[in-house]
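Each chain, letter by letter, is given below.
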Amino acid sequence: MSGLEYPGDLLGFADDLTAAERAKLAQLRAYLDEHVRPVLVERWESGQSLADFRRPLADLHLLDDPGLLGHSAVLPGGARRLRPLYRGFVTLELCRLDLAMSITYGGQVGMFRTLIHAGGSPEQIATWDPGILDFSFTGCFALSEPDHGSDVAGGMSTTARRTAEGWVIDGAKRWIGNATISDNIVVVAREAGGDRVLAFVVPADAPGVERAVMAHKGATRMVHNADIRLDGVVVPEERRLPRIESFRDINRAFRSLRADIAWSAAGMQLGAYAAALEYAQRREQFGRPIAGFQLIQDKLVRIVANIAQTLALAVRTTTHPIDDDVSPSLIKLVAADRLRESVALARETVGGNGVLLDYDVVRFFADAEAMYTFEGTREVNTLIVGRALTGHSAFTR
Ligand SMILES: Cc1cc2nc3c(=O)[nH]c(=O)nc-3n(C[C@H](O)[C@H](O)[C@H](O)COP(=O)(O)OP(=O)(O)OC[C@H]3O[C@@H](n4cnc5c(N)ncnc54)[C@H](O)[C@@H]3O)c2cc1C
């Protein structure tokens, strides 16, 4: 064992990591603890991005270390696949520190890369993938709009019109994470005069693209979400992802990402649990550590039980390929529920200090609200599962 402990993982899911994987994760944790943890309070308060840590994280070669890739499978385009359990623990480890660090890094190597692999041609993948991994070709994903969130599949107003020069995109996007620190924005648009839904890798500095950081955010404060305007933005056909032509294709690309929320939720719970346990052992009331009170132990046990349930879901995704649109919704809504309960219990354990950033639980508490909403709200995911169970769609009256 390489000193990589996961207090709170009572069922020992981490025991299935190989020695090489544990060593890599320990390296990641050491980097995060030494360099990122010390700046979290100040950056959270000032809403400053963690983008400067992306390159150093890329230099750790978490996803392209030849030692780890040795026993992996080859994907179309020549890329190799790491063991899903290890990939999951990378996300977990980042979220155990802070959700914003995970989004700042994973929005690129998880979301953006997944979209390129799911929608791009073999040539696009081969050209862009090395730059995605070393952060010299950065990107984000723009689907949500100011007037269309839950109903974006049916109501999207951003359009792409075919012309002699390529495509002309007009519209607006909202909430787009990492947009102001990315070279590219994957913009989803409805084909004007057609019924296809298309995706374009739009250069962020293309004429007609305007990005503005959304201010006054109370969750994921270190992730910069942006409002984006697209006015007559010309994009060549070579920057269209040819294997995305409908919402079904987008959902296909996003299955694994939605299910990955279980890893993020497990990581955040482990982070909040560690802070709550440490506090409970240190803080004395009525002449003894609060950890000795039954009602405090009840909270800690409920958090650990939630962690076990969330990790069980996460690990299930590594042994059972997600190839439908319903199970990711079930996984996401259960994981987000467990997370929301756990961070509230951790916050409660730390009492009044639980709302102070210095005590390391309120970041998780606030950020759980963001996670509860993105990758499909509880309602939307419930409607997806409910439709599959009953055969009746309850999205509209
Ligand atoms: C921190 C954060 C980061 C994000 N990052 C991105 C990103 O990078 N890229 C991106 O494209 N988007 C992103 N989003 C957007 C996110 O996907 C949307 O917020 C989400 O889809 C919900 O849309 P909405 O906020 O417009 O809520 P609305 O759709 O307006 O919903 C409001 C409420 O009504 C409920 N509701 C809606 N329809 C129904 C119905 N039929 N029945 C019952 N209840 C219903 C919803 O569940 C919700 O509770 C992000 C959001 C947040 C908060």
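If you're wondering where the values come from, they're calculated on a predicted model, not measured in any experiment.

Asker: Where do I start with the overall build of the protein chain in this structure?
Answerer: Summing up its helical and strand segments, the protein chain has 13 helices and 11 strands in all. A compact globule built from 397 residues would reach a C-alpha radius of gyration of about 21 Å, and the protein chain, at 21 Å, matches this within 12%. Seen through its C-alpha atoms, the protein chain measures out along the principal axes to roughly 80 × 50 × 45 Å. Burial status across the protein chain gives 44% buried among its 397 residues.

Asker: Can you help me understand the site of the ligand in this one?
Answerer: As a structural note, the neighbourhood of the ligand is formed by 19 residues, with Ser 144, Gly 149, Ser 150, Thr 377 and Glu 379 the closest of them. Only strand E3 (139–142), strand E5 (166–177), helix H12 (362–373) and helix H13 (378–390) provide two or more residues apiece to the shell around the ligand. In terms of residue count, the dominant contributor to the shell around the ligand is E5 (3 residues). Here the shell around the ligand is built from residues that sort into 10 nonpolar, 8 polar and 1 charged. Here the shell around the ligand gathers at least three residues from each of two domains, domain 2 (140–239) and domain 3 (247–390).

Asker: Help me understand the domain arrangement of the protein chain in this model?
Answerer: It is common to report an interface's size as the accessible area lost on association of the parts. Taken as a whole, the protein chain is organised into domain 1 (13–138), domain 2 (140–239) and domain 3 (247–390). Summarising the inter-unit geometry, the C-alpha centres of domain 1 and domain 3 are found 21 Å apart. Each partner contributes to the interface: domain 1 provides 24 residues, whereas domain 3 provides 22 residues. Listing elements by their share of the side of domain 1 that touches domain 3, those giving two or more residues are helix H2 (40–46), helix H5 (84–97) and helix H6 (99–119). Split into classes, the residues belonging to the side of domain 1 that touches domain 3 amount to 14 nonpolar, 6 polar and 4 charged.

Asker: Please clarify how H12 should be interpreted in this entry.
Answerer: Under the 1.5 Å per step criterion, the end-to-end length of H12 is 18 Å for 12 residues, consistent within 8% with the ideal 16 Å. Burial analysis of H12 places 10 of its 12 residues in the buried class, which makes it a mostly covered element. Elements that come into contact with the buried residues of H12 comprise H2, H6, helix H9 (247–282), helix H11 (327–349) and H13.

Asker: Help me understand the packing of H6 against helix H7 (residues 122–133), please; the structure alone is not making it clear to me.
Answerer: The relative placement of two packed helices comes down to the angle between their axes together with the axis-to-axis distance. At their nearest, the axes of H6 and H7 sit 10 Å apart, and the two run at 175° to each other. In terms of orientation, H6 and H7 fall into the roughly antiparallel class. Residue-level inspection shows Gln 108, Val 109, Phe 112, Arg 113, Ile 116 and His 117 of H6 in contact with H7, the latter providing Gln 124, Ile 125, Trp 128, Ile 132 and Leu 133. Class assignment for the residues of the contact of H6 with H7 results in 7 nonpolar, 3 polar and 1 charged.

Asker: Explain the environment of Val 315 here, please?
Answerer: Along the chain, Val 315 falls in helix H10 (residues 294–319). Note: C-alpha distance between Val 315 and Trp 263 (52 residues apart in sequence) is 8.4 Å. When sequence neighbours within four positions are dropped, the list of residues in contact with Val 315 reads Phe 13 and Leu 85.

Asker: What exactly am I supposed to notice about the nonpolar core here?
Answerer: Generally speaking, nonpolar side chains in soluble globular proteins are found buried as a group. Residues Ala 142, Phe 200, Ala 346 and Val 361 are the most contacted members of the largest nonpolar core, which totals 108 residues. Ranked by the residues each element gives to this core, the list is headed by H9, at 17 residues. Apart from residues no more than four positions distant in its own chain, Val 361 is found in contact with Ala 272, Ala 275, Ala 276, Val 343, Ala 346, Arg 347, Val 350 and Gly 354.

Asker: Before we go on, may I ask you to explain the pairing of E5 in this structure?
Answerer: Each regular strand displays side chains that alternate between the two surfaces of the sheet. Relative to E5, strand E4 (residues 159–163) runs antiparallel, the two being bridged by 5 bridges. Counterpart to Thr 163 in the pairing with E5 is Gly 166. Pairing between E5 and strand E9 (residues 225–235): 8 bridges, direction antiparallel. Residue pairing for E9: Ala 172 is matched across the bridge by Arg 229.

About the criteria used
- Residues numbered from 1 in each chain as written.
- Predicted model: local features only at pLDDT ≥ 70, side-chain atom pairs only at ≥ 80, totals over all residues.
- Helix = DSSP H or I, 4+ residues; strand = E, 2+ residues; numbered from the N terminus.
- Rg over C-alpha atoms; globule rule 2.2 N^0.38 Å.
- Buried ≥ 20, exposed ≤ 12 C-beta atoms within 10 Å, placed from the backbone.
- Near = placed C-beta within 6 Å.
- Nonpolar A, V, L, I, M, F, W, Y, C, P; charged D, E, K, R; others polar.
- Domains from an automatic or database assignment.
- Contact = placed C-beta atoms within 7 Å.
- Expected span 1.5 Å × (residues − 1).
- Axes fitted to C-alpha atoms, helices over the stretch in contact; angles between N-to-C directions.
- Parallel < 35°, antiparallel > 145°, perpendicular 65-115°, else oblique.
- Core = buried A, V, L, I, M, F, W, Y, C linked by C-beta atoms within 7 Å.
- Pairing = 2+ DSSP bridges.

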